[in-house]
Amino acid sequence: YGEVIFCYPAIKAISNYRIAHELLELGVPLIPRMITEMAHSETGIDIHPGAKIGSHFTIDHGTGVVIGATSIIGKLYQGVTLGAKSFPLDADGKPIKGIPRHPILEDNVIVYSNATILGRITIGSDATVGGNIWVTENIPAGAKIVQTKAKK
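All figures in this text were calculated on a predicted structure; none of them were measured in a lab.

Draft legend 1. Summary view of the packing of aromatic side chains. Counted by the stated rule, this structure contains one aromatic pair. Ring geometry for Tyr77 and Tyr112: centres 4.7 Å apart, planes at 15°, overall stacked. One end of the pair, Tyr77, is in the loop between β4 (75-76) and β5 (81-83); the other, Tyr112, is in the loop between β7 (110-111) and β8 (116-118), and 35 residues separate them in sequence. Residue Tyr112 is classed as partly exposed on the basis of its relative accessible area, which comes to 34%. Sitting over the face of the ring of Phe87, Lys97 holds its NZ or CZ atom 5.6 Å from the ring centroid. Seen from the ring of Phe87, Arg101 lies directly overhead, with NZ or CZ sitting 3.7 Å from the centre.

Listed below in structure tokens is the structure:
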């Protein structure tokens, strides 16, 4: 247990996120971002304190993981990005802020290394997203999304 607690960067990143998220929910300004940015600089895992992450969550080999502010999250491997495609623009061409732009990962979702999931889409329960894949559309529950093999 000691090795896991003291040596695995995901433990530090998730613990700091949990504290920062609670502070953000209490309306504390600035400090939640400072906490997660310090964890990011130490672990390479960037979790915005505004993300909503369930109680049973893990990051395996977290280097390069990015979880955006309006993400609702399962299990992530290294190099995963849960991001936004862009800000929608208003009639004057200015970005509309304060709207959810990040993915929702339902229960028991597994996302493998270097997958990129962008936009306000939903990855259904028990789905698996393979490595090195870009996902910009909803994935149904139980689906397995993987790269196709190149033909010889």
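Draft legend 2. Looking closely at the sheet that holds β5. Sheet architecture is open: five strands sit in the order β1-β3-β5-β8-β11, paired in parallel fashion. The open sheet has two edge strands with one neighbour each: β1 (46-47) and β11 (134-135).

Draft legend 3. Representation of unusual backbone geometry in the model. Positive phi, normally seen in glycine, also occurs at Asn108, with a value near 60°. For Asn108, the location among the structural elements is in the loop between β6 (104-105) and β7. In this structure, Asp126 takes a positive phi of about 65° despite not being glycine. Among the structural elements, Asp126 can be located in the loop between β9 (122-123) and β10 (128-129).

Draft legend 4. Main features of helix α2 (residues 9-25). With 17 residues, α2 should cover 24 Å at 1.5 Å per step; its first-to-last C-alpha distance of 24 Å lies within 8% of that length. Listing the buried residues of α2 in full gives Ala10, Ala13, Ile14, Asn16, Tyr17, Ala20 and His21. Mapping the buried residues of α2 onto a view down its axis gives an arc of 165°, with all of them on the same face. Here the buried face of α2 lies against α3 (31-43), β1 and β2 (58-59). One or two steps after α2, the chain reaches Gly27, where phi turns positive at roughly 85°.

Thresholds, definitions, all that
- Residues numbered from 1 in each chain as written.
- Predicted model: local features only at pLDDT ≥ 70, side-chain atom pairs only at ≥ 80, totals over all residues.
- Heavy atoms only, no water.
- Phe/Tyr/Trp six-rings, centres within 6.5 Å; stacked < 30°, edge-to-face > 60°.
- Helix = DSSP H or I, 4+ residues; strand = E, 2+ residues; numbered from the N terminus.
- Buried < 20%, exposed > 50% of the residue type's maximum accessible area, 1.4 Å probe, protein only.
- Lys NZ or Arg CZ within 6 Å of the ring centre and 35° of its normal.
- Pairing = 2+ DSSP bridges.
- Expected span 1.5 Å × (residues − 1).
- Arc of directions from axis to C-beta.
- Contact = heavy atoms within 4.5 Å.

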